[in-house]
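Overview (structure and organization)
As a plain string of letters, each chain reads:
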Amino acid sequence: MNSRHNARRHLLSISDLETADIERICDLTESFAEVSRRRIPRVPALRGRTVVWLFYEDSTRTRLSFEAAAKQLSADTVNFSVGSSSVNKGESLRDTVEAIEAMGIDAIVVRHSCAGVPHRVADWIDASVINAGDGCHEHPTQALLDLYTARNRLGDLSGASVAIVGDIAHSRVARSDVLAFTAMGAEVTLVAPRPLLPLSLEGWPVKVSHNLDEVLGEIDICYLLRMQLERAASLDVPSLREFRAEYGLDSARANRLRDGALIMHPGPMNRGVEIDGDVVERPNTVITEQVANGVAVRMAVLFLLLGSGLDTSENESMAA
Amino acid sequence: MAERERRFTVPHAGGTFRSRSQVMNSDDVGRAVRRMTHEVIERNHGSSNLVMIGLQTGGVPIARRMVDTLAEIDGYSVPAGSLDVALHRDDIGLRPVLPQAETLIPVNLDRQVVVLVDDVLFTGRTVRAALDALHTWGRPSAVQLAVMVDRGHRELPIRADYVGRSLPTNLDEMVDVQTDGVHIGELV
(Lines give C-alpha, C1' and ligand atoms only; values in the text may rest on other atoms or scores of the structure.)
Protein backbone atom coordinates (compact mmCIF):
# COMPACT_ATOMS: atom_id res chain seq x y z
CA MET A 1 0.00 0.00 0.00
CA ASN A 2 1.22 3.48 -0.75
CA SER A 3 2.68 5.45 2.11
CA ARG A 4 0.43 8.43 1.56
CA HIS A 5 -2.98 7.20 2.55
CA ASN A 6 -6.01 7.88 0.50
CA ALA A 7 -7.64 10.85 2.21
CA ARG A 8 -10.99 9.94 0.72
CA ARG A 9 -11.09 6.55 2.34
CA HIS A 10 -9.45 7.23 5.68
CA LEU A 11 -9.14 10.19 7.98
CA LEU A 12 -5.77 9.70 9.61
CA SER A 13 -4.19 13.09 9.73
CA ILE A 14 -5.02 16.68 8.87
CA SER A 15 -1.85 16.70 6.79
CA ASP A 16 -3.51 14.26 4.33
CA LEU A 17 -6.22 16.82 3.59
CA GLU A 18 -6.09 19.61 1.05
CA THR A 19 -7.43 23.01 2.08
CA ALA A 20 -10.41 22.38 -0.21
CA ASP A 21 -11.16 19.10 1.61
CA ILE A 22 -11.17 20.88 4.96
CA GLU A 23 -13.46 23.58 3.62
CA ARG A 24 -15.75 20.97 2.14
CA ILE A 25 -16.07 19.17 5.47
CA CYS A 26 -16.80 22.45 7.29
CA ASP A 27 -19.40 23.41 4.66
CA LEU A 28 -21.11 20.02 4.81
CA THR A 29 -21.14 20.13 8.59
CA GLU A 30 -23.86 22.78 8.46
CA SER A 31 -26.22 20.33 6.71
CA PHE A 32 -25.65 17.82 9.48
CA ALA A 33 -26.00 20.41 12.25
CA GLU A 34 -29.48 20.97 10.84
CA VAL A 35 -30.26 17.25 11.21
CA SER A 36 -29.29 17.44 14.89
CA ARG A 37 -31.81 20.24 15.44
CA ARG A 38 -34.77 18.21 14.14
CA ARG A 39 -37.36 16.79 16.47
CA ILE A 40 -36.34 13.31 15.35
CA PRO A 41 -32.65 13.83 14.64
CA ARG A 42 -32.08 10.87 12.38
CA VAL A 43 -31.52 10.43 8.65
CA PRO A 44 -31.10 7.09 6.84
CA ALA A 45 -27.90 8.13 5.07
CA LEU A 46 -25.68 5.36 6.50
CA ARG A 47 -28.30 2.68 6.94
CA GLY A 48 -26.71 -0.78 6.84
CA ARG A 49 -23.19 0.52 7.53
CA THR A 50 -21.36 -0.67 10.62
CA VAL A 51 -18.82 1.34 12.58
CA VAL A 52 -16.61 -0.08 15.31
CA TRP A 53 -15.09 1.93 18.15
CA LEU A 54 -11.61 0.68 18.96
CA PHE A 55 -10.59 2.76 21.92
CA TYR A 56 -7.41 1.75 23.68
CA GLU A 57 -7.50 4.97 25.67
CA ASP A 58 -10.10 6.73 27.79
CA SER A 59 -12.44 9.17 26.17
CA THR A 60 -15.74 10.88 26.96
CA ARG A 61 -16.46 13.49 24.33
CA THR A 62 -14.85 11.94 21.30
CA ARG A 63 -16.41 8.55 21.79
CA LEU A 64 -19.86 9.77 22.76
CA SER A 65 -19.99 12.26 19.94
CA PHE A 66 -18.86 9.68 17.38
CA GLU A 67 -21.57 7.42 18.75
CA ALA A 68 -24.21 10.15 18.50
CA ALA A 69 -23.03 11.03 14.99
CA ALA A 70 -23.24 7.42 13.78
CA LYS A 71 -26.68 6.94 15.33
CA GLN A 72 -28.07 10.11 13.77
CA LEU A 73 -26.94 8.79 10.40
CA SER A 74 -28.60 5.40 11.14
CA ALA A 75 -25.31 3.49 11.09
CA ASP A 76 -24.93 0.45 13.33
CA THR A 77 -22.24 0.73 15.95
CA VAL A 78 -20.23 -1.94 17.70
CA ASN A 79 -18.45 -1.25 20.88
CA PHE A 80 -15.03 -2.63 21.63
CA SER A 81 -13.79 -2.07 25.10
CA VAL A 82 -10.23 -3.10 25.68
CA GLY A 83 -10.80 -3.91 29.33
CA SER A 84 -13.15 -6.82 28.65
CA SER A 85 -11.61 -8.07 25.41
CA SER A 86 -9.03 -10.64 24.36
CA VAL A 87 -6.42 -7.90 24.48
CA ASN A 88 -6.20 -8.92 28.12
CA LYS A 89 -5.24 -12.42 26.95
CA GLY A 90 -2.35 -10.93 25.01
CA GLU A 91 -3.91 -10.69 21.55
CA SER A 92 -1.93 -8.41 19.27
CA LEU A 93 -3.35 -5.26 17.73
CA ARG A 94 -3.16 -6.76 14.26
CA ASP A 95 -5.02 -9.93 15.21
CA THR A 96 -7.66 -7.91 17.03
CA VAL A 97 -8.18 -5.60 14.07
CA GLU A 98 -8.32 -8.42 11.54
CA ALA A 99 -10.80 -10.32 13.68
CA ILE A 100 -13.00 -7.24 13.86
CA GLU A 101 -12.82 -6.72 10.13
CA ALA A 102 -13.74 -10.34 9.47
CA MET A 103 -17.09 -9.59 11.09
CA GLY A 104 -17.93 -7.28 8.22
CA ILE A 105 -17.57 -3.68 9.23
CA ASP A 106 -17.27 -0.53 7.19
CA ALA A 107 -15.23 1.71 9.45
CA ILE A 108 -13.01 1.55 12.50
CA VAL A 109 -12.58 4.57 14.73
CA VAL A 110 -9.25 4.15 16.50
CA ARG A 111 -7.80 5.77 19.55
CA HIS A 112 -4.49 4.53 20.86
CA SER A 113 -1.73 5.82 23.09
CA CYS A 114 0.90 5.15 20.40
CA ALA A 115 1.39 7.55 17.52
CA GLY A 116 0.87 5.98 14.11
CA VAL A 117 -1.46 3.15 15.14
CA PRO A 118 -4.33 4.30 12.88
CA HIS A 119 -1.91 4.42 9.94
CA ARG A 120 -0.80 0.85 10.62
CA VAL A 121 -4.38 -0.31 10.97
CA ALA A 122 -5.20 1.34 7.65
CA ASP A 123 -2.45 -0.74 6.01
CA TRP A 124 -3.91 -3.97 7.33
CA ILE A 125 -7.58 -3.71 6.49
CA ASP A 126 -9.95 -2.59 3.76
CA ALA A 127 -12.42 -0.74 5.96
CA SER A 128 -12.19 3.01 6.45
CA VAL A 129 -10.07 4.08 9.39
CA ILE A 130 -10.70 7.24 11.36
CA ASN A 131 -8.08 8.51 13.74
CA ALA A 132 -9.70 9.52 17.02
CA GLY A 133 -6.38 10.42 18.59
CA ASP A 134 -3.05 8.61 18.40
CA GLY A 135 -0.57 9.28 21.17
CA CYS A 136 1.01 12.71 20.87
CA HIS A 137 0.53 12.75 17.11
CA GLU A 138 -2.86 13.90 15.77
CA HIS A 139 -6.54 14.23 16.54
CA PRO A 140 -8.02 15.31 13.22
CA THR A 141 -11.74 15.40 14.06
CA GLN A 142 -11.00 17.65 17.03
CA ALA A 143 -9.19 20.08 14.74
CA LEU A 144 -12.08 20.03 12.26
CA LEU A 145 -14.65 20.79 14.94
CA ASP A 146 -12.41 23.56 16.28
CA LEU A 147 -12.25 25.09 12.82
CA TYR A 148 -15.97 24.79 12.32
CA THR A 149 -16.67 26.40 15.71
CA ALA A 150 -14.23 29.23 15.05
CA ARG A 151 -15.61 29.85 11.55
CA ASN A 152 -19.14 29.93 12.89
CA ARG A 153 -18.24 32.67 15.35
CA LEU A 154 -15.61 34.65 13.46
CA GLY A 155 -16.35 33.99 9.78
CA ASP A 156 -13.39 33.76 7.44
CA LEU A 157 -10.26 32.74 9.34
CA SER A 158 -7.65 33.97 6.88
CA GLY A 159 -5.43 36.43 8.68
CA ALA A 160 -6.89 35.53 12.07
CA SER A 161 -4.40 35.18 14.89
CA VAL A 162 -4.54 32.03 17.01
CA ALA A 163 -2.58 31.36 20.19
CA ILE A 164 -2.29 27.75 21.32
CA VAL A 165 -1.32 27.81 24.96
CA GLY A 166 0.09 25.22 27.30
CA ASP A 167 1.26 21.64 27.02
CA ILE A 168 2.15 21.58 23.32
CA ALA A 169 4.68 18.76 23.59
CA HIS A 170 2.15 16.15 24.65
CA SER A 171 -0.79 17.47 22.67
CA ARG A 172 -2.11 15.75 19.56
CA VAL A 173 -4.79 18.43 19.43
CA ALA A 174 -2.10 21.09 19.06
CA ARG A 175 -0.52 19.31 16.09
CA SER A 176 -3.80 18.87 14.25
CA ASP A 177 -4.95 22.38 15.09
CA VAL A 178 -1.73 24.00 13.87
CA LEU A 179 -2.14 22.27 10.51
CA ALA A 180 -5.85 22.98 10.27
CA PHE A 181 -5.77 26.65 11.28
CA THR A 182 -2.77 27.45 9.06
CA ALA A 183 -4.46 25.66 6.13
CA MET A 184 -7.32 28.15 6.52
CA GLY A 185 -4.87 31.05 6.43
CA ALA A 186 -4.71 31.80 10.14
CA GLU A 187 -1.47 32.64 11.94
CA VAL A 188 -0.66 30.38 14.84
CA THR A 189 1.51 31.25 17.83
CA LEU A 190 2.49 28.54 20.29
CA VAL A 191 2.67 29.90 23.80
CA ALA A 192 4.41 27.67 26.31
CA PRO A 193 7.45 27.36 28.55
CA ARG A 194 10.37 25.63 26.82
CA PRO A 195 9.94 22.25 28.52
CA LEU A 196 6.37 22.00 27.19
CA LEU A 197 7.38 22.65 23.57
CA PRO A 198 8.47 19.83 21.25
CA LEU A 199 12.24 19.44 20.96
CA SER A 200 12.22 20.70 17.41
CA LEU A 201 9.75 22.96 15.67
CA GLU A 202 11.59 22.88 12.37
CA GLY A 203 9.22 23.13 9.45
CA TRP A 204 6.25 24.11 11.61
CA PRO A 205 4.44 27.16 10.25
CA VAL A 206 4.22 28.77 13.68
CA LYS A 207 5.61 31.53 15.84
CA VAL A 208 6.67 30.80 19.41
CA SER A 209 6.25 32.89 22.50
CA HIS A 210 7.11 32.24 26.13
CA ASN A 211 4.96 35.06 27.45
CA LEU A 212 1.18 34.75 27.38
CA ASP A 213 0.68 38.33 28.61
CA GLU A 214 2.49 39.72 25.56
CA VAL A 215 0.26 37.99 23.01
CA LEU A 216 -3.10 38.29 24.80
CA GLY A 217 -4.08 41.64 23.27
CA GLU A 218 -3.29 40.62 19.70
CA ILE A 219 -5.14 37.36 19.22
CA ASP A 220 -8.56 36.37 17.93
CA ILE A 221 -8.55 32.89 19.43
CA CYS A 222 -7.01 31.80 22.70
CA TYR A 223 -6.82 28.01 22.51
CA LEU A 224 -5.95 26.47 25.85
CA LEU A 225 -4.62 22.94 26.09
CA ARG A 226 -5.05 20.53 28.92
CA MET A 227 -2.00 19.81 31.04
CA GLN A 228 -1.64 16.14 30.19
CA LEU A 229 -0.76 14.81 33.57
CA GLU A 230 -1.15 11.17 32.43
CA ARG A 231 1.13 11.52 29.40
CA ALA A 232 3.99 13.40 31.02
CA ALA A 233 6.38 10.79 32.41
CA SER A 234 7.55 13.34 34.87
CA LEU A 235 5.95 16.70 34.99
CA ASP A 236 8.09 19.06 32.94
CA VAL A 237 7.20 22.21 34.82
CA PRO A 238 8.39 22.93 38.36
CA SER A 239 4.83 23.03 39.66
CA LEU A 240 1.28 23.39 38.41
CA ARG A 241 0.97 26.53 40.53
CA GLU A 242 3.87 28.11 38.74
CA PHE A 243 2.45 27.09 35.36
CA ARG A 244 -0.87 28.62 36.29
CA ALA A 245 0.75 31.88 37.39
CA GLU A 246 2.51 32.25 34.03
CA TYR A 247 0.18 30.60 31.53
CA GLY A 248 -3.21 29.99 33.17
CA LEU A 249 -6.12 32.00 31.81
CA ASP A 250 -7.68 33.73 34.80
CA SER A 251 -10.21 36.55 34.79
CA ALA A 252 -7.59 39.28 34.77
CA ARG A 253 -5.96 37.82 31.66
CA ALA A 254 -9.29 37.08 29.98
CA ASN A 255 -10.24 40.76 30.44
CA ARG A 256 -7.24 41.79 28.40
CA LEU A 257 -8.37 39.77 25.37
CA ARG A 258 -9.77 41.72 22.44
CA ASP A 259 -13.55 42.14 22.24
CA GLY A 260 -14.96 39.08 20.54
CA ALA A 261 -11.83 36.98 20.91
CA LEU A 262 -12.76 33.34 21.47
CA ILE A 263 -11.61 31.15 24.32
CA MET A 264 -11.41 27.50 23.30
CA HIS A 265 -10.41 24.27 25.01
CA PRO A 266 -10.59 20.71 23.69
CA GLY A 267 -11.62 19.34 27.09
CA PRO A 268 -11.46 17.81 29.55
CA MET A 269 -10.44 20.90 31.49
CA ASN A 270 -8.25 21.12 34.54
CA ARG A 271 -10.12 23.98 36.16
CA GLY A 272 -7.74 26.14 38.13
CA VAL A 273 -4.74 25.04 36.07
CA GLU A 274 -4.91 26.15 32.43
CA ILE A 275 -8.30 27.84 32.80
CA ASP A 276 -10.15 29.36 35.77
CA GLY A 277 -13.71 28.38 36.58
CA ASP A 278 -15.22 31.83 35.99
CA VAL A 279 -13.50 32.17 32.60
CA VAL A 280 -15.39 29.06 31.50
CA GLU A 281 -18.70 30.93 31.92
CA ARG A 282 -17.79 33.89 29.71
CA PRO A 283 -19.92 34.55 26.61
CA ASN A 284 -16.90 34.21 24.33
CA THR A 285 -15.88 30.90 25.81
CA VAL A 286 -17.09 28.36 23.26
CA ILE A 287 -16.08 25.12 24.96
CA THR A 288 -19.61 23.66 25.08
CA GLU A 289 -20.20 24.83 21.52
CA GLN A 290 -17.13 22.86 20.50
CA VAL A 291 -18.63 19.72 22.03
CA ALA A 292 -22.00 20.30 20.37
CA ASN A 293 -20.40 20.92 16.98
CA GLY A 294 -18.32 17.77 17.41
CA VAL A 295 -21.35 15.63 16.62
CA ALA A 296 -22.13 17.44 13.35
CA VAL A 297 -18.49 17.45 12.23
CA ARG A 298 -18.18 13.73 12.88
CA MET A 299 -21.39 13.13 10.96
CA ALA A 300 -19.87 14.95 8.01
CA VAL A 301 -16.68 12.89 8.27
CA LEU A 302 -18.50 9.56 8.55
CA PHE A 303 -20.77 10.51 5.67
CA LEU A 304 -17.92 11.56 3.40
CA LEU A 305 -16.00 8.35 4.08
CA LEU A 306 -18.89 5.88 4.07
CA GLY A 307 -21.90 7.49 2.48
CA SER A 308 -20.63 8.13 -1.00
CA GLY A 309 -22.01 4.82 -2.28
CA LEU A 310 -19.38 4.94 -4.99
CA ASP A 311 -16.55 2.51 -5.42
CA THR A 312 -13.55 3.79 -3.50
CA SER A 313 -11.22 3.58 -6.46
CA GLU A 314 -13.63 5.72 -8.42
CA ASN A 315 -13.95 7.92 -5.39
CA GLU A 316 -10.26 8.67 -5.37
CA SER A 317 -10.33 10.27 -8.76
CA MET A 318 -13.59 12.08 -8.05
CA ALA A 319 -13.18 15.83 -8.05
CA ALA A 320 -14.45 17.40 -4.85
CA MET B 1 -32.30 18.48 -11.77
CA ALA B 2 -31.81 22.19 -11.41
CA GLU B 3 -28.84 23.98 -12.90
CA ARG B 4 -27.21 24.58 -9.53
CA GLU B 5 -27.31 20.90 -8.72
CA ARG B 6 -25.86 19.92 -12.04
CA ARG B 7 -22.87 22.14 -11.55
CA PHE B 8 -21.87 20.13 -8.49
CA THR B 9 -22.60 16.72 -9.90
CA VAL B 10 -19.71 14.40 -10.59
CA PRO B 11 -18.85 14.35 -14.30
CA HIS B 12 -20.20 10.88 -15.13
CA ALA B 13 -23.69 11.88 -14.01
CA GLY B 14 -23.61 15.57 -14.86
CA GLY B 15 -22.84 17.66 -17.89
CA THR B 16 -24.28 20.80 -19.33
CA PHE B 17 -27.91 21.18 -20.23
CA ARG B 18 -28.57 21.96 -23.89
CA SER B 19 -32.06 23.13 -24.69
CA ARG B 20 -33.79 21.71 -27.74
CA SER B 21 -37.07 23.54 -27.43
CA GLN B 22 -38.89 25.79 -25.04
CA VAL B 23 -42.21 24.33 -23.91
CA MET B 24 -43.37 27.09 -21.57
CA ASN B 25 -42.36 30.74 -21.45
CA SER B 26 -42.22 32.88 -18.32
CA ASP B 27 -45.88 33.96 -18.73
CA ASP B 28 -46.95 30.31 -18.98
CA VAL B 29 -45.03 29.53 -15.80
CA GLY B 30 -46.65 32.50 -14.05
CA ARG B 31 -50.13 31.39 -15.12
CA ALA B 32 -49.45 27.81 -14.02
CA VAL B 33 -48.30 29.06 -10.59
CA ARG B 34 -51.48 31.15 -10.33
CA ARG B 35 -53.78 28.30 -11.31
CA MET B 36 -52.10 25.79 -9.00
CA THR B 37 -52.35 28.27 -6.13
CA HIS B 38 -56.10 28.69 -6.78
CA GLU B 39 -56.47 24.92 -6.82
CA VAL B 40 -54.62 24.63 -3.50
CA ILE B 41 -57.00 27.14 -1.90
CA GLU B 42 -60.05 25.51 -3.45
CA ARG B 43 -59.15 22.02 -2.42
CA ASN B 44 -58.24 23.00 1.14
CA HIS B 45 -61.20 25.40 1.60
CA GLY B 46 -58.95 28.35 2.27
CA SER B 47 -55.41 28.61 3.38
CA SER B 48 -55.40 28.14 7.14
CA ASN B 49 -53.17 25.29 8.37
CA LEU B 50 -51.24 25.31 5.08
CA VAL B 51 -47.45 25.08 4.94
CA MET B 52 -45.66 25.34 1.59
CA ILE B 53 -42.38 23.48 1.40
CA GLY B 54 -40.14 23.73 -1.66
CA LEU B 55 -37.82 20.83 -2.43
CA GLN B 56 -34.20 21.83 -2.85
CA THR B 57 -33.13 23.15 -5.15
CA GLY B 58 -35.59 23.57 -8.03
CA GLY B 59 -38.80 23.61 -5.98
CA VAL B 60 -37.81 26.42 -3.65
CA PRO B 61 -38.36 29.42 -5.98
CA ILE B 62 -41.66 27.94 -7.18
CA ALA B 63 -42.88 27.47 -3.60
CA ARG B 64 -41.94 31.07 -2.88
CA ARG B 65 -43.95 32.28 -5.86
CA MET B 66 -46.94 30.22 -4.80
CA VAL B 67 -46.77 31.70 -1.30
CA ASP B 68 -46.63 35.23 -2.75
CA THR B 69 -49.52 34.49 -5.10
CA LEU B 70 -51.53 33.01 -2.27
CA ALA B 71 -51.00 36.13 -0.19
CA GLU B 72 -52.26 38.19 -3.15
CA ILE B 73 -55.38 36.06 -3.66
CA ASP B 74 -56.29 35.22 -0.10
CA GLY B 75 -54.58 38.01 1.82
CA TYR B 76 -52.94 35.47 4.07
CA SER B 77 -49.27 34.68 4.25
CA VAL B 78 -48.72 30.95 4.78
CA PRO B 79 -45.44 29.69 6.25
CA ALA B 80 -42.89 28.76 3.59
CA GLY B 81 -40.04 26.31 4.05
CA SER B 82 -37.42 24.42 2.12
CA LEU B 83 -36.38 20.80 2.33
CA ASP B 84 -33.19 19.08 1.16
CA VAL B 85 -33.83 15.36 0.82
CA ALA B 86 -30.27 14.36 -0.10
CA LEU B 87 -29.73 12.36 3.09
CA HIS B 88 -33.00 10.47 2.65
CA ARG B 89 -32.51 9.37 -0.95
CA ASP B 90 -32.30 5.71 -1.93
CA ASP B 91 -29.55 6.54 -4.44
CA ILE B 92 -27.49 8.36 -1.84
CA GLY B 93 -23.98 9.02 -3.02
CA LEU B 94 -24.92 9.20 -6.67
CA ARG B 95 -26.01 12.77 -6.17
CA PRO B 96 -24.04 15.35 -4.28
CA VAL B 97 -25.09 16.72 -0.90
CA LEU B 98 -25.02 20.46 -1.42
CA PRO B 99 -24.01 22.52 1.60
CA GLN B 100 -25.98 25.48 0.26
CA ALA B 101 -29.19 23.45 -0.09
CA GLU B 102 -30.67 24.53 3.19
CA THR B 103 -33.46 22.78 5.03
CA LEU B 104 -35.74 25.20 6.80
CA ILE B 105 -38.97 24.05 8.40
CA PRO B 106 -40.41 27.20 9.97
CA VAL B 107 -43.30 25.73 11.97
CA ASN B 108 -44.36 22.60 13.78
CA LEU B 109 -45.90 20.37 11.11
CA ASP B 110 -48.31 18.53 13.43
CA ARG B 111 -51.90 18.81 12.14
CA GLN B 112 -50.83 21.04 9.24
CA VAL B 113 -51.50 20.47 5.56
CA VAL B 114 -48.11 20.38 3.90
CA VAL B 115 -47.89 21.21 0.21
CA LEU B 116 -44.62 19.91 -1.20
CA VAL B 117 -43.51 21.87 -4.24
CA ASP B 118 -41.01 20.68 -6.83
CA ASP B 119 -40.03 21.71 -10.33
CA VAL B 120 -40.14 18.34 -12.10
CA LEU B 121 -41.90 15.10 -11.14
CA PHE B 122 -40.05 12.21 -12.78
CA THR B 123 -39.39 8.85 -11.08
CA GLY B 124 -41.06 9.88 -7.82
CA ARG B 125 -38.01 8.98 -5.78
CA THR B 126 -37.36 12.53 -4.62
CA VAL B 127 -40.94 12.75 -3.35
CA ARG B 128 -40.59 9.40 -1.61
CA ALA B 129 -37.48 10.72 0.15
CA ALA B 130 -39.29 13.94 1.03
CA LEU B 131 -42.21 12.06 2.61
CA ASP B 132 -39.68 10.12 4.64
CA ALA B 133 -37.88 13.30 5.70
CA LEU B 134 -41.09 15.11 6.70
CA HIS B 135 -41.74 12.58 9.43
CA THR B 136 -38.69 13.74 11.33
CA TRP B 137 -40.45 17.06 11.96
CA GLY B 138 -43.90 15.94 12.87
CA ARG B 139 -47.13 14.41 11.66
CA PRO B 140 -48.92 16.56 9.10
CA SER B 141 -52.67 15.95 8.73
CA ALA B 142 -52.12 15.68 4.97
CA VAL B 143 -49.32 16.02 2.47
CA GLN B 144 -50.06 17.24 -1.06
CA LEU B 145 -47.76 17.59 -4.03
CA ALA B 146 -47.49 20.44 -6.53
CA VAL B 147 -45.11 20.24 -9.50
CA MET B 148 -44.46 22.59 -12.39
CA VAL B 149 -43.86 19.74 -14.85
CA ASP B 150 -44.96 16.11 -14.68
CA ARG B 151 -42.76 14.33 -17.20
CA GLY B 152 -43.97 10.76 -16.56
CA HIS B 153 -41.79 7.64 -16.12
CA ARG B 154 -42.80 7.05 -12.51
CA GLU B 155 -40.99 4.26 -10.67
CA LEU B 156 -43.08 4.51 -7.50
CA PRO B 157 -46.82 4.79 -6.85
CA ILE B 158 -46.78 8.57 -6.50
CA ARG B 159 -48.87 11.22 -8.25
CA ALA B 160 -49.09 14.98 -8.05
CA ASP B 161 -52.17 16.83 -6.74
CA TYR B 162 -51.38 20.00 -8.67
CA VAL B 163 -49.61 19.95 -12.03
CA GLY B 164 -48.40 22.96 -14.02
CA ARG B 165 -47.99 21.03 -17.24
CA SER B 166 -48.05 17.34 -18.11
CA LEU B 167 -45.19 16.81 -20.51
CA PRO B 168 -44.62 13.44 -22.18
CA THR B 169 -40.86 12.90 -22.49
CA ASN B 170 -38.32 10.32 -23.49
CA LEU B 171 -36.22 8.84 -20.73
CA ASP B 172 -32.99 10.34 -22.05
CA GLU B 173 -34.38 13.86 -22.24
CA MET B 174 -33.91 16.52 -19.57
CA VAL B 175 -36.49 19.02 -18.40
CA ASP B 176 -35.15 22.29 -17.06
CA VAL B 177 -37.46 24.62 -15.14
CA GLN B 178 -36.36 28.20 -14.65
CA THR B 179 -38.34 31.33 -13.82
CA ASP B 180 -38.04 32.40 -17.45
CA GLY B 181 -39.65 29.22 -18.70
CA VAL B 182 -39.42 25.48 -19.17
CA HIS B 183 -37.00 23.92 -21.61
CA ILE B 184 -36.68 20.39 -22.86
CA GLY B 185 -33.31 19.16 -24.05
CA GLU B 186 -30.47 16.85 -23.13
CA LEU B 187 -27.25 16.71 -21.17
CA VAL B 188 -24.06 17.07 -23.19
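Residues numbered from 1 in each chain as written. Chains lettered and ligands numbered in written order. Predicted model: local features only at pLDDT ≥ 70, side-chain atom pairs only at ≥ 80, totals over all residues. Heavy atoms only, no water.

**Notes on the pattern of salt bridges**
- On inspection of all chains with the given rule, the structure shows 28 salt bridges over all chains.
- A salt bridge links A:Glu98 to A:Arg94; the nearest nitrogen and oxygen atoms lie 3.0 Å apart. Of this pair, A:Glu98 and A:Arg94 are both found in helix 3 (residues 93-102), four residues apart, which corresponds to roughly one turn of the helix.
- Look at A:Glu98 and you get partly exposed, because its relative accessible area is 32%.
- One salt bridge connects A:Arg244 with A:Asp276, and the closest N-O pair in it is separated by 2.8 Å. You can see A:Arg244 sitting in helix 8 (residues 240-247) and its partner A:Asp276 sitting in the loop between strand 9 (262-264) and helix 10 (277-280), a full 32 residues away along the chain.
- Looking at A:Arg244, the relative accessible area reads 33%, which means it is partly exposed.
- It is possible to trace a salt-bridge network through shared partners that takes in B:Arg18, B:Arg20, B:Glu173 and B:Glu186. (Salt bridge = Lys/Arg side-chain N within 4 Å of Asp/Glu carboxyl O. Helix = DSSP H or I, 4+ residues; strand = E, 2+ residues; numbered from the N terminus. Buried < 20%, exposed > 50% of the residue type's maximum accessible area, 1.4 Å probe, protein only.)

**With respect to the sheet that holds strand 9 of chain A**
Residue and element names in this part refer to chain A.
- Strand order in this open sheet of five strands is 7-6-5-8-9, and the pairing throughout is parallel. Of all strands in the sheet, those bounded by a partner on one side alone are strand 7 (206-209) and strand 9. When the angles between neighbouring strand axes are averaged without regard to direction, this sheet yields 20 degrees.
- Examined bridge by bridge, strand 5 (residues 161-165) and strand 8 (residues 221-224) share four bridges and lie parallel to one another. (Pairing = 2+ DSSP bridges. Axes fitted to C-alpha atoms, helices over the stretch in contact; angles between N-to-C directions.)

**Observations regarding the nonpolar core**
- Residues A:Phe32, A:Leu73, A:Ile164, A:Phe181, A:Leu302 and B:Leu87 are the most contacted members of the largest nonpolar core, which totals 93 residues.
- Examining the composition of this core, we find that twelve residues originate from one element, helix 11 (residues 287-306) of chain A, more than from any other.
- Looking at this core, you find at least three residues from each of domain 1 (14-139 + 293-310) and domain 2 (141-291) of chain A.
- Excluding anything up to four places from it in sequence, A:Leu302 contacts A:Leu46, A:Val51, A:Phe66, A:Ala69, A:Ala70, A:Leu73, A:Ile130 and A:Gly307. (Core = buried A, V, L, I, M, F, W, Y, C linked by side-chain atoms within 4.5 Å. Domains from an automatic or database assignment. Contact = heavy atoms within 4.5 Å.)

**Side note on the domain arrangement of chain A**
All names here are of chain A.
- Per the domain assignment, the segments making up chain A are domain 1 (14-139 + 293-310) and domain 2 (141-291).
- Taking only C-alpha atoms, the centre of domain 1 and the centre of domain 2 are 25 Å apart.
- Taken together, both faces of the contact between domain 1 and domain 2 bury some 2400 Å²; the carbon and sulfur share is 59%.
- Per-residue buried area on domain 1 facing domain 2 is highest for Arg61, His139 and Asn293; these three make up 28% of the total on that side.
- The interface formed by domain 1 and domain 2 contains two salt bridges. (Buried area = accessible area lost by both parts, 1.4 Å probe.)

**Some remarks on the environment of B:Leu55**
Residue and element names in this part refer to chain B.
- You can see Leu55 is positioned in strand 2 (residues 50-55).
- For Leu55, a relative accessible area of 1% translates into the label buried.
- Taking the C-alpha atoms as reference points, Leu55 and Glu102, 47 residues apart in sequence, are found 9.8 Å from one another.
- Setting aside its immediate chain neighbours within four residues, Leu55 contacts Val60, Leu83, Val85, Leu116, Val117, Asp118, Thr126 and Ala130.

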